[in-house]
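Inside the fold
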Amino acid sequence: MTNRRLEADDIVAGSALPCDIFDANGRLLLRSGQTIRDDAQVVRLLAHGVYGDLESNRVPEAADAAVKRVPVYARIQSVRDGLQASLAGVAQGLPVVPDEIVRHARHLVDLCALDPDAALATVLLQKGNPYGIRQMVNAAVVSELLLMQKQPDAEQRIPVLAAALTMNVSMLALQQTLYGQQEDLTAAQRYEIRRHPEDTAHILETSGVTDRTWLTVVRHHHEALDGTGYPGKLSGADLSLGAQIVGIADRYCAMVSERGYRPGASPNVALRQIFLAQGKSVDPMLAAMVVKEVGLYPPGTVVQLANGEIGIAMKRTLN
């Protein structure tokens, strides 16, 4: 029997477990065929780290089984996998297919509407996929939660989310290198980073992207309110709301994500740094909205409870 660590789409709330479930030390936690009650239990199990042998101990589905209820948590992972497949050929010079990116963006809109807390938990709990793919989907999730408060019409949000899902297309290979790099950036790496908004926009344009919002957000997502950003050192009114939202979401997700050489920052530390930047590189109202919508202890945050036990935040509350 060969156990592997189970991922989001291996365990479905409301369906029989496909195999025996063990912890990292090989202790049996759940028997094959048992049913996980809800998405909250699935998230707790995955965060704990569980293992199983799917191939040799799979439970056959009943002929009259009801349609599976697929949790939002697992569906976000499917968006990541889909985006990775959509962008797999870019390094070889193949074009991006705009319709595929828009389809992923629409999928995220639907998932964030169904269960925004589960969607937000994936930013902290789902560690699969290459870092660059994960970062773009994470930023798109956070961007959508912020955009929902500003633009009720989902169709207006799609180009901004498409931009978040493609903003780093030109430097995906570099991002994977930097994920584990402990040395200082080389001059060539710095140049590529500074160029990537324009380089990515060029790739998208030559792939047939004509939507001005999409292209503008890609070009401007590293610009700053005070003119200290790049590549154009734009400021103030030159920056669209979409570009500012994707930029702040990108910054937050990068802070809370681990690297090969360091753990991710806790959400409250990341949000504090963003809030301290208000009025300088970040719009004060936007910084406050991020703190309110994401929360200091967003879903997926590991916390110590008052009784000393360790828990995971499951949903945002008013306080």
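Everything in this summary refers to the structure shown in the same document. (Residues numbered from 1 in each chain as written. Predicted model: local features only at pLDDT ≥ 70, side-chain atom pairs only at ≥ 80, totals over all residues. Heavy atoms only, no water.)

**Observations regarding the overall build of the protein chain**
The following threshold applies: Secondary structure elements follow DSSP: runs of H or I no shorter than four residues count as helices, runs of E no shorter than two count as strands, and numbering proceeds from the N terminus. Computation of the radius of gyration draws on C-alpha atoms, with the globule rule given as 2.2 Å multiplied by the number of residues to the power 0.38. Whether a residue is buried, partly exposed or exposed follows from its accessible area with a 1.4 Å probe, protein chains only, as a fraction of its type maximum: under 20%, in between, or over 50%, in that order.
Counting its regular elements, the protein chain contains 12 helices and 6 strands. The C-alpha radius of gyration of the protein chain comes to 20 Å, within 12% of the 20 Å expected for a compact globule of 319 residues. Expressed as lengths along the three principal axes of its C-alpha atoms, the size of the protein chain is roughly 60 × 50 × 45 Å. In the protein chain, which comprises 319 residues, the share counted as buried stands at 49%.

**Quick notes on the nonpolar core**
What counts here: Throughout this description, the term nonpolar core refers to a set of buried Ala, Val, Leu, Ile, Met, Phe, Trp, Tyr and Cys residues connected via side-chain atoms within 4.5 Å. Pairs of residues are marked as contacts when any of their non-hydrogen atoms sit within 4.5 Å.
With 63 residues, the main nonpolar core has Leu 87, Val 142 and Tyr 252 as its most contacted residues. Looking at this core element by element, the count peaks at 10 residues for helix 5 (residues 131-150). Those residues in contact with Tyr 252 that sit more than four places away from it in its chain are Val 142, Pro 267, Ala 270, Leu 271, Ile 274, Val 294 and Pro 298. One finds Leu 17, Val 42, Leu 46 and Ala 121 within the second-largest nonpolar core, a separate group that totals 19 residues.

**Overview of unusual backbone geometry**
In this chain, Tyr 230 is followed by Pro 231 through a cis amide linkage whose omega measures 5 degrees. Along the chain, the position of Pro 231 falls in the loop between helix 9 (212-220) and helix 10 (241-256). Backbone geometry places Asn 129, a non-glycine residue, at a positive phi of 70 degrees. On the secondary structure map, Asn 129 appears in the loop between helix 4 (116-125) and helix 5. For Lys 233, which is not glycine, the phi torsion reads 50 degrees and is therefore positive. With respect to the helices, strands and loops of the structure, Lys 233 is situated in the loop between helix 9 and helix 10.

**Some details on the packing of aromatic side chains**
Definition in use: We call Phe, Tyr and Trp rings a pair once their centres come within 6.5 Å, taking the six-membered ring for Trp, and we label the pair stacked below 30 degrees between planes, edge-to-face above 60, and tilted otherwise.
Applying the stated criterion across every chain yields a total of 1 aromatic pair. Look at Tyr 131 and Tyr 179: their rings are 5.7 Å apart centre to centre, the planes differ by 35 degrees, and that puts the pair in the tilted class. Of this pair, Tyr 131 sits in helix 5 while Tyr 179 sits in helix 7 (residues 172-180), and the two are 48 residues apart along the sequence.

**Re the pattern of salt bridges**
What counts is decided by this rule: We define a salt bridge as a contact between a side-chain nitrogen of Lys or Arg and a carboxyl oxygen of Asp or Glu at a distance within 4 Å.
Scanning the entire structure with this criterion turns up 10 salt bridges. With a shortest N-O distance of 2.8 Å, Asp 117 and Arg 316 are connected by a salt bridge. Of this pair, Asp 117 sits in helix 4 while Arg 316 is found in the segment after strand 6 (310-312), placing the two residues 199 residues apart along the sequence. Under the relative-accessibility criterion, Asp 117 is labelled buried at 15%. Overall, the relative accessible area of 26% leaves Arg 316 in the partly exposed class. Here Arg 219 makes a salt bridge to Glu 198, at a shortest N to O gap of 3.2 Å. Residue Arg 219 is located in helix 9, and its partner Glu 198 is located in helix 8 (residues 187-206); the two are separated by 21 residues in the primary sequence. The structure contains a network of salt bridges with shared partners spanning Lys 127, Arg 134 and Glu 258.

**Digging into the layout of surface pockets**
Quick reminder of the rule: In this analysis the probe radius is 1.4 Å and the grid spacing 1 Å, with only protein atoms considered; a cavity is a set of points the probe fits into but cannot get out of, a pocket is an open set with protein on both sides within 12 Å along at least five of seven lines, and lining residues have an atom within 4 Å of a point. Grid points are joined across faces, edges and corners, and a volume is the space filled by probe spheres set on the points.
Approximately 920 Å³ is the volume found for the largest pocket. Every residue lining the largest pocket is counted, 38 residues in all, and those nearest its centre are His 222, Tyr 230, Asp 250, Arg 251 and Ala 254. Residue assignment for the lining of the largest pocket shows that the elements contributing at least two residues are helix 5, helix 7, helix 8 and helix 10. Counting residues per element, the lining of the largest pocket draws most heavily on helix 10, which supplies 8 residues.

**Let's talk about helix 10**
What counts, and what does not: To estimate the expected span of a helix, count its residues, drop one, and scale the result by 1.5 Å.
In this model helix 10 runs 23 Å from its N-terminal to its C-terminal C-alpha over 16 residues, within 8% of the 22 Å that 1.5 Å per residue would give. For helix 10, the buried fraction is high: 14 of the 16 residues fall into the buried class.

**Re the side chain of Gln 181**
Heads up, the condition is: Here a polar contact means two N or O atoms within 3.5 Å. Within protein one must be a hydrogen donor candidate and the other an acceptor candidate, and residues neighboring in sequence count only if both atoms are side-chain atoms.
Relative to the assigned elements, Gln 181 resides in the loop between helix 7 and helix 8. Under the relative-accessibility criterion, Gln 181 is labelled buried at 14%. At a separation of 3.4 Å, a polar atom in the side chain of Gln 181 contacts the main-chain carbonyl oxygen of Asp 184. Leaving out residues up to four positions away in the same chain, Gln 181 has contacts with Gln 189 and Tyr 261.

Honestly, that's just the spatial picture; any functional story needs more than this.
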